[in-house]
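One letter stands for each residue in the lines below.
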Amino acid sequence: MYFHERFCQWLGHLKLSRVILSVSVILFMVPLVTHYYLSKYESTSGSLGGSPMRQTLESLGDVSTMNVADLKARIEEMLRIKASVSTELRELEERRGRLQREAAAASAKADSVKAEYARATAELQRLRVSADQARLAQLEAIRRDSPELAPPAQILPSNPPQILPPVSPSSEVNCRMHSCFDHSRCSLTSGFPIYFYDPDIYSPLTGAEVDGFLKTTLRQTLGYNSHLTQNPNEACVYLVLVGEAFPFEKSHSSTTESYKLMLNETAIKGLPYWGGDGRNHVLLNLARRELSVGSGDAFRGASTGRAMIAQSTFTLDQFRPEFDLVTPPALGPPGGDVWADCAPMAPARRKYLLSFQGSQSSVTGHNRDDDKILIEGLQKMATIAPATDLFLLQFECDPPVERRAVIPIGDWALCGTDRSRRSVLRDSTFVLVLAPGNSNYASTALLQARLYEALRSGAIPVVLGGDRIRLPYDEVLDWRRATISLPKARVTELHFLLRALSDADLLAFRRQGRVLWERYLSSVQASMDSLLATLRMRLNIPPRPASPTIGAPAFNDSFSPPKVEAPAVDSEPEETLGPLEAPYPSPAYRRNYSLSLLHGYEMWNDWGEPFALYPQLPWDPPVTSEARFMGSAAGFRPIAAGAGGSGKEFSEALGGDRQREQFTIVILTYEREAVLAAALARLRGLPYLNKVVVVWNGLTPPSSAQAWPESGAPVVVVRAPRNSLNNRFLPYNLIDTEAVLCVDDDAHLRHDEIVFAFRVWREHRDRIVGFPGRYHAWDVNFNNGFLYNSNYSCELSMVLTGAAFVHRYYLWAYWRALPAAVRDYVDEYMNCEDIAMNFLVAHITRKPPVKVTSRWTFRCPGCPVTLSADETHFHERHKCIQFFSQVMGYTPLLSTQYRADSVLFKTRIPHDKQKCFKFI
């Protein structure tokens, strides 16, 4: 601060003249000093040369000697030099930026080339693997040297059976299929043609009186059978209706009536296609008369050559195993629904633990003592049983049954009327079926009648007679799942055995017994179809495929509705779907023959499907579920894993055991063209879509002016014969795949949801796999029955078929195996076809459906009011469950909390629902 003040004082005293003098000295001395040093520098340094700096210094010269004009010129020249240098610098900067951009582009191009090289390398590796797979497949095909199987040409005989000499009686007793059957008339491709002798023409020749009911019924039922032929020259098997144990002769020396079939052997052997020895003939003796009289052995002591015998009564020395056939009595109606005759399956335990009503004919010798001990043991068991176990054992009829000599010795006649016996059987958990006291009998009409009535009423038969008793079609039916068979010596252990069975076991026995009765014994048609199916399976002849429903096209063949381009659908980048292929059908023939070999004990009907749909048939390993399950509906067969297709990539993309598969979408619509067009547009770009079948349920045809969006797959519109919700499940011939996605026209599904559901279905082929889940709930206030419930819940037992995958087999089963009363009920209320399908699948598989994703319901903005919006909709669905349970005898629906969901699925799940779901 002090120095500052002193300096300011000094400046204040400084004079102007001194300042001017000092500046002048400085201006004079600075150029001189500068010139001196520059001259000295030029002399000592030769490095400047002709550089711009030297030239600049030289151009300056002696500033002191320059005038104003020269100085101005020099300054202007320096400015020009500066501008030139600045311009050059800018150009260099631009060039540097350009080079930097080119370097960045070159670097990016190099990275792209590297990525393309990596992709090309991966593709080359994939192609190499594919080429290796193709070479291996080629080598395997060459090694096998077998072409792809296809339906072969049908081979049929063209001449009647050749006449051969008759066989001796000793050879008749030893007849078997290999020794007494002409296989040359029944090739594997013949289709198993059968010829039925007209009973009006040929029965009088045999000396038998045939009941008029049987003649009419057999003509009608066999007329429905696809194997029947009117050309006897091409027949494989010939059916002859012989009759019953009538007419009879009355003995004048006895008060009893003797019934005997007056079989005219000469007339039988004179049948036009008998061939001298009766080979390939089946002689039918169906019991139809009053069972209290009994129907005896029609062929006892008669010579029948190499013909097979089918009747209810056989002795052990007469019955030829796997040649003759034990048939049930013709007690039921000609055909049709028989569910009304069946008793409900629940409750598992009924009023009586065990019942029996019968009266035995005369027994002599050792057999009489055995039956006496048996009766005493049963009576003692009933006496010492606790009060909770009620027995109804009646060994004498009241009133007594008239005894006829035709009743096998020691056989047990039926007591009372059919109504009284049915009343007792419906109150019985078990019922005794006692073998005849005469141990020479393997089967009698009365024993078969007891079995028939027991299964019809839901009483579990307990057959006391040991392994000598032959039950109907036992070479193909496993009667151990429906009956309990014990030797008479184990009667003392019977009570313990009956009490050891749990309620679940009782229901399993009862369910199996009902299915066997409905499918094989209930009607004349069921019995005849079973008999023919047994013969066909003996010969290992594959069944004929089911006749598919021919869809009537909605448009003429020459007309194509106008097409419009569908809007683009956003793809799901996280879905790796593998290679896509053009539409192709499921394999159609390969397993048509092998299935009958894998499941030789099963019955198959005339449509090529399992004749008895029962859930406890082998669905599990070692036979895969699809191996048993995929029948021959319209000829569809599964293909072996690893055969054909896109190979490993497809299998990894979709899962399951098949490398190659597509699905068909079936859309049911009713005069909603705009909604249908929107539904088709949403299918654009959907992977693995084989075809879209639109079932037009409306009364008026679709408009020809309506523009149909392009869905990316063939679209076929068929007109249903009438407005029915059952049309959703018609097995149309247009469906070429095993996987069928049933969709309502107003259902909104994303592509990733459909593909994921398809993935899940491929691993659960025997179930319904879909989106909207529902469940049935018990309500004690509603007649102690089940109600339909659509509330959101963790539990479900149904998946609605408005958006669900099913196997095409179930389309066949819906029309062939489901009772017609169920379909009629759906038509009456225009509701519940989805519940009916869930009932059917649950009954067959004994498994619940599989729900996928978190979608709960479907909304269609702008759609007209649907059937489900009606206030009576849910009330009708309650009634549907009640009625369907009545028809099937129980409620087959099974509950589950399992839901399939991909861990990569991007659905937002509500917080209150997250605890309900189980993921895979």
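In this text, all values refer to a predicted model and were calculated from it rather than measured experimentally.

(A) The arrangement of the overall build of the protein chain in detail. Across its full length, the protein chain carries 24 helices and 30 strands. Residues counted as buried form 49% of the 920 residues belonging to the protein chain. Look at the contacts in the protein chain between residues 6 or more apart in sequence, and 80% of them connect residues 24 or more apart. On the protein chain, roughly 44,300 Å² of surface is accessible, and the fraction owed to carbon and sulfur atoms is 56%.

(B) Fine view of helix α24 (residues 873-888). In this model α24 runs 23 Å from its N-terminal to its C-terminal C-alpha over 16 residues, within 8% of the 22 Å that 1.5 Å per residue would give. For α24, the set of buried residues is His 873, Glu 876, Arg 877, His 878, Cys 880, Ile 881, Phe 883, Phe 884, Ser 885, Val 887 and Met 888. If you follow the buried residues of α24, they end up packed against α14 (503-521), β25 (773-779), β26 (785-789), β27 (798-799), α22 (820-829) and α23 (833-845). Looking one or two residues past α24, Gly 889 carries a phi angle of roughly 85°, positive in sign.

(C) Highlighting the side chain of Asn 726. Relative to the assigned elements, Asn 726 resides in the loop between β22 (715-719) and β23 (739-744). In this structure the side chain of Asn 726 is engaged in a polar contact, spanning 3.0 Å, whose partner is the backbone oxygen of Arg 823. A polar contact of 3.1 Å, which involves the side chain of Asn 726, links it to the side chain of Asp 827. Apart from the residues within four sequence positions on either side, Asn 726 is in contact with Tyr 814, Trp 815, Arg 823, Val 826, Asp 827 and Glu 833.

(D) The arrangement of the state of the cysteines in detail. For the structure shown, the criterion picks out four disulfides. Covalent S-S linkage joins Cys 186 and Cys 236, the inter-sulfur distance amounting to 1.6 Å. Its S-S torsion of about 100° marks the bond between Cys 186 and Cys 236 as right-handed, since a negative value means left-handed. Of this pair, Cys 186 sits in the loop between α6 (177-180) and β1 (194-196) while Cys 236 sits in the loop between α8 (212-223) and β2 (237-241), and the two are 50 residues apart along the sequence. When sorted by exposure, Cys 186 lands in the same class as Cys 236, which is buried. Cys 832 shares a disulfide with Cys 880; S-S distance 1.9 Å. Note on the Cys 832 and Cys 880 pair: the S-S dihedral is about 85°, so by sign convention the disulfide is right-handed. Placement of Cys 832 in the loop between α22 and α23 and of Cys 880 in helix α24 is noted, with a sequence separation of 48 residues between them.

(E) Structural view of the pairing of strand β28 (residues 803-807). Among the five residues of β28, five are classified as buried, and the element is accordingly described as predominantly covered. One ladder, built from five bridges, connects β23 with β28; its direction is antiparallel. From the neighbouring strand, Ala 739 faces β28, where its bridge partner is His 807.

(F) Seen up close, helix α11 (residues 418-425). Within α11, the full set of buried residues consists of Arg 421, Val 424 and Leu 425. Buried residues of α11, viewed axially, fall in a sector of 100°; they line one side. Looking at the packing, one finds that the buried side of α11 touches β9 (352-357), β11 (390-394), β13 (428-434) and α12 (445-457).

(G) Main features of the pattern of salt bridges. A full pass over the atoms with the stated rule returns 34 salt bridges. Residue Arg 219 pairs with Asp 200 through a salt bridge whose shortest N-O separation is 3.0 Å. Of this pair, Arg 219 sits in helix α8 while Asp 200 sits in helix α7 (residues 199-206), placing them 19 residues apart in sequence. Owing to a relative accessible area of 34%, Arg 219 belongs among the partly exposed residues under this scheme. On the basis of relative accessible area, Asp 200 is assigned to the partly exposed category, the value being 41%.

(H) Broad picture of the sheet that holds β27. Read across the open sheet, the three strands follow the order β26-β25-β27; overall the sheet is antiparallel. Each end of this open sheet is capped by a strand with a single partner; those strands are β26 and β27. Alignment of β25 against β27, held across two bridges, turns out to be antiparallel. Each bridged residue has a counterpart across the sheet, and for Arg 774 the counterpart in β27 is Met 798.

(I) A look at the packing of α22 against α24. For the pair α22 and α24, the least separation of the axes is 10 Å and the interaxial angle reads 165°. By the criterion of interaxial angle, the relationship of α22 to α24 is roughly antiparallel. Taken as a pair, α22 and α24 cross one another with a handedness that is right-handed. Side by side, α22 and α24 meet where Ala 821, Val 822, Tyr 825, Val 826 and Tyr 829 of the first sit next to Glu 876, Lys 879, Cys 880, Phe 883, Phe 884 and Val 887 of the second.

(J) Main features of the environment of Val 694. Mapped onto the secondary structure, Val 694 falls in strand β20 (residues 689-696). Sequence-wise, Val 694 and Ile 665 are 29 residues apart; in three dimensions their C-alpha atoms are separated by 8.2 Å. In this structure Val 694 touches Ile 667, Thr 669, Leu 676, Leu 680, Val 715, Val 716, Val 717 and Val 718, once residues within four positions along its chain are discounted.

(K) Up close: the confidence of the model for the protein chain. The predicted model of the protein chain has a mean per-residue pLDDT of 78, with 72% of residues at 70 or higher. Across residues 571-576, confidence stays below pLDDT 50; counting only partners more than four residues off in sequence or on other chains, it has six contacts. Across residues 911-915 the pLDDT falls below 50, and counting only partners more than four positions away or on other chains, this stretch makes three contacts in the model.

(L) Here's a closer look at the sheet that holds strand β6 (residues 308-311). With parallel pairing, the five strands of this open sheet are ordered in space as β1-β2-β5-β6-β8. The strands lining the two open edges of the sheet, one partner per strand, are β1 and β8 (325-326). Relative to β2, β1 runs parallel, the two being bridged by three bridges. In the strand pairing of β2, Ile 194 is matched with Val 237.

Criteria and cut-off values
- Residues numbered from 1 in each chain as written.
- Predicted model: local features only at pLDDT ≥ 70, side-chain atom pairs only at ≥ 80, totals over all residues.
- Heavy atoms only, no water.
- Helix = DSSP H or I, 4+ residues; strand = E, 2+ residues; numbered from the N terminus.
- Buried < 20%, exposed > 50% of the residue type's maximum accessible area, 1.4 Å probe, protein only.
- Contact = heavy atoms within 4.5 Å.
- Areas by Shrake-Rupley, 256 points an atom, 1.4 Å probe, with all protein chains shown as cover.
- Expected span 1.5 Å × (residues − 1).
- Polar contact = N/O pair within 3.5 Å; in protein donor to acceptor, adjacent residues only side chain to side chain.
- Disulfide = S-S within 2.5 Å.
- Pairing = 2+ DSSP bridges.
- Arc of directions from axis to C-beta.
- Salt bridge = Lys/Arg side-chain N within 4 Å of Asp/Glu carboxyl O.
- Axes fitted to C-alpha atoms, helices over the stretch in contact; angles between N-to-C directions.
- Parallel < 35°, antiparallel > 145°, perpendicular 65-115°, else oblique.
- Left-handed = near helix turned anticlockwise from the far one by under 90°.
- pLDDT = per-residue confidence, 0-100.

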